[in-house]
Amino acid sequence: MGRWLLCVFAVVAMARPGFCADEKRASAKEMLEASKQKEFPERPWDKAFEYNSKHYHVVTNTSRALAQYVGYFMDAVHRSFCDFFGYDETAPLANIYVYATEKEFKEVARKHGMPDWTSGFFSYTGERESAIYLPWKPDERKTPQHILLHEGTHQFIWLTQRFPIPAGCKAAFGPNVTELQVVPLWLNEGFATFLEEAEFDGKDLVTGQVSRSRLSNLKQLMKTDRLISFEDLFRVTHDDWGEDHYAPSWGVAYWFLQDKNLEVRKKRKAVLIKYLKTCRKGFFADPDKEFAAKFVTDGAAPKDFWKQWEAHCVKAGFDAFRKMTVGSSGTFEKWQEEWRIWVTGL
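Keep in mind the model is a prediction, meaning the values are calculated, not measured. (Residues numbered from 1 in each chain as written. Predicted model: local features only at pLDDT ≥ 70, side-chain atom pairs only at ≥ 80, totals over all residues. Heavy atoms only, no water.)

## Observations concerning the packing of aromatic side chains
Move 1: For the coordinates displayed, the defined rule picks out 51 aromatic pairs.
Move 2: Relative to F105, the ring of Y99 lies with its centre 6.4 Å away and its plane at 55°, an arrangement referred to as tilted. Just as Y99 is buried, F105 falls in that class too.
Move 3: With 6.1 Å between their ring centres and 45° between their planes, Y254 and W342 make a pair best called tilted. Of this pair, Y254 sits in helix α9 (residues 246–257) while W342 sits in helix α13 (residues 332–344); the two residues are 88 residues apart in sequence, bridging distant segments of the chain.
Move 4: Through a chain of ring-to-ring contacts, three or more aromatic side chains come together here, namely W186, F230, F234, W255, F256, Y275, F283, F318, F321, F332, W335 and W339.
Move 5: The positively charged end of R268 is found above the aromatic ring belonging to W255, 3.5 Å away from the centroid.
Move 6: The residue whose ring lies beneath K269 is F84, and the NZ or CZ to ring-centre distance is 5.4 Å. (Phe/Tyr/Trp six-rings, centres within 6.5 Å; stacked < 30°, edge-to-face > 60°. Buried < 20%, exposed > 50% of the residue type's maximum accessible area, 1.4 Å probe, protein only. Helix = DSSP H or I, 4+ residues; strand = E, 2+ residues; numbered from the N terminus. Lys NZ or Arg CZ within 6 Å of the ring centre and 35° of its normal.)

Written as structure tokens, this is what we have:
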């Protein structure tokens with residue numbers, strides 16, 4: 001069975017070709033103009049522009065100025081990621097590939113097994129490498145910035161919110177599996193749908209905008225009695241995930257991250273950061289001992305490890321989240337009723 005937490009994203013193995021580096025600095029005006037450009041001179045991919053910002057490695061056959069704009073934009077996004085996720089460590093340099101035409105992007109997307117309607121996607125290219133792929137189409141309803149924000153969230157979670165396999169257990173998993181994904185799917189998508197609406201003011205990311213499309217979908221689910229219960233949402237697996245899960249995931253993330261009362265927002269955000277720390281420990285009190293006892297037998301991992309790991313994360317993640325949110329005296333049902341009133345008033 002494949003790695004359960006990666007099923008939502010494309011899984012690829014891609015060697016990096018020798019790109020042509022072009023480090024000449026573009027002005028702020030040049031970068032802004034490039035971000036609005038709809039067509040670019042034809043340029044073969046083996047002569048693509050390559051630019052390293054503080055946190056991203058950008059490769060594109062559009063223009064030198066756009067490569068630098070994407071790096072500059074995503075560094076601002078990265079600062080917001082660190083704030084939202086309570087993360088202050090150095091993350092590996094993340095890759096972004098930007099294509100000048102839809103045709104070029106579609107060819108790459110198909111090779112990665114993506115459907116034709118794909119407008120952009122995130123994949124991982126190795127244990128500590130990852131990449132976002134997208135065409136540059138600034139006239140689309142879903143802008144390149146929108147795609148970078150959504151897929152960039154998945155990328156950041158992939159790179160930073162993982163459980164390291166204890167040293168004493170590494171031999172059972174081999175050199176290619178050193179860390180495991182643990183963030184629940186609903187929260188992963190909740191963060192991505194929340195942040196995709198953010199706006200860039202030229203220096204920083206401005207967050208907190210209400211997604212009118214997600215809110216509309218949410219109200220429609222309520223109206224047609226198709227809204228998933230919190231009990232089920234917080235335990236959803238990749239096999240069960242569907243289109244109707246995005247709006248409620250956005251709504252829960254918005255509840256945690258964007259309340260009008262600053263003190264309430266701080267308290268809710270603190271709960272999320274505490275929960276993410278619990279995720280990174282694999283939901284174990286003593287990771288070294290408990291992981292080995294549960295997943296290693298006679299020096300080997302079970303054949304159905306990925307299935308067992310998903311089951312562990314779903315159950316343990318659900319139990320930990322319940323404890324941190326409603327506790328022993330409350331219920332998700334009561335919380336959801338209060339949340340329904342709050343979210344429909346946005």
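The structure having been displayed, the exposition proceeds.
## Quick look at the pairing of strand β5 (residues 94–99)
Move 1: A large share of β5 lies buried, amounting to six of its six residues.
Move 2: Here β5 shows two buried faces, one formed by A94, I96 and V98 and the other by N95, Y97 and Y99.
Move 3: Of the strand pairs in this sheet, strand β4 (residues 56–60) and β5 are connected by five bridges, and their pairing is parallel. The residue bridging Y56 from the neighbouring strand is A94, located in β5.
Move 4: When β5 meets strand β7 (residues 129–135), the two strands line up parallel, connected through five bridges. Within β7, the residue paired with Y99 across the bridge is P135. (Pairing = 2+ DSSP bridges.)

## Some words on the pattern of salt bridges
Move 1: Evaluation of the coordinates by the stated rule reveals 13 salt bridges.
Move 2: Taking the shortest distance from any N to any O, the salt bridge between R79 and D204 comes out at 3.2 Å. In this pair, R79 sits in helix α2 (residues 64–85) while D204 sits in the loop between β10 (199–200) and β11 (205–206), placing the two residues 125 residues apart along the sequence.
Move 3: Exposure remark for R79: the relative accessible area of 44% places this residue in the partly exposed category.
Move 4: R235 serves as the salt-bridge partner of E231, at 3.3 Å between the closest nitrogen and oxygen.
Move 5: Here the salt bridges share partners, and the residues they tie into one network are E102, K106 and K137. (Salt bridge = Lys/Arg side-chain N within 4 Å of Asp/Glu carboxyl O.)

## Looking at the side chain of E151
Move 1: Tracing the backbone shows E151 in helix α4 (residues 144–160).
Move 2: One buried charge, E151, has no salt-bridge partner; the nearest side chain with opposite charge is K142, at 6.9 Å.
Move 3: Setting aside chain neighbours within four positions, we find E151 in contact with G120, F121, F122 and I132. (Lys, Arg positive; Asp, Glu negative; His and termini not counted. Contact = heavy atoms within 4.5 Å.)

## Concerning the pairing of strand β3 (residues 49–52)
Move 1: In this sheet, β4 lies alongside β3 in antiparallel orientation, the contact comprising four bridges. Note on β4: the bridge partner recorded for Y51 is V58.
Move 2: Remark: three residues form the turn of the hairpin made by β3 and β4, two consecutive strands paired antiparallel.

## Quick notes on helix α3 (residues 102–111)
Move 1: Within the sequence span of α3, burial applies to F105, K106, V108 and A109. Across the axial projection of α3, the buried residues extend over an arc of 165°, all falling on one side. Exposed residues pointing more than 90 degrees away from the buried face of α3 are listed as K103 and K111.
Move 2: Positive phi appears at G113, one or two residues downstream of α3, with a value of about 80°. (Arc of directions from axis to C-beta.)

## Details of the nonpolar core
Move 1: Counting residues in each nonpolar core, the largest one holds 96 residues, and the members touching the most others are V70, F234, F291, W309, W335 and W339.
Move 2: Element by element, the count of residues in this core is highest for α2, at twelve residues.
Move 3: If we ignore the near neighbours within four places in the chain, the residues touching W335 are F230, F234, V252, W255, F256, F321, T325 and V326.
Move 4: Counting eleven residues, the second largest nonpolar core, distinct from the first, contains A48, A109, F121 and A131. (Core = buried A, V, L, I, M, F, W, Y, C linked by side-chain atoms within 4.5 Å.)

## A closer look at the environment of L185
Move 1: Relative to the helices and strands, L185 is located in helix α6 (residues 185–195).
Move 2: Its relative accessible area of 4% is what places L185 among the buried residues.
Move 3: The spacing of L185 and W241 is 56 residues in sequence and 8.4 Å in space, taken between C-alpha atoms.

Everything listed here is a matter of geometry and, on its own, says nothing about what the molecule does.
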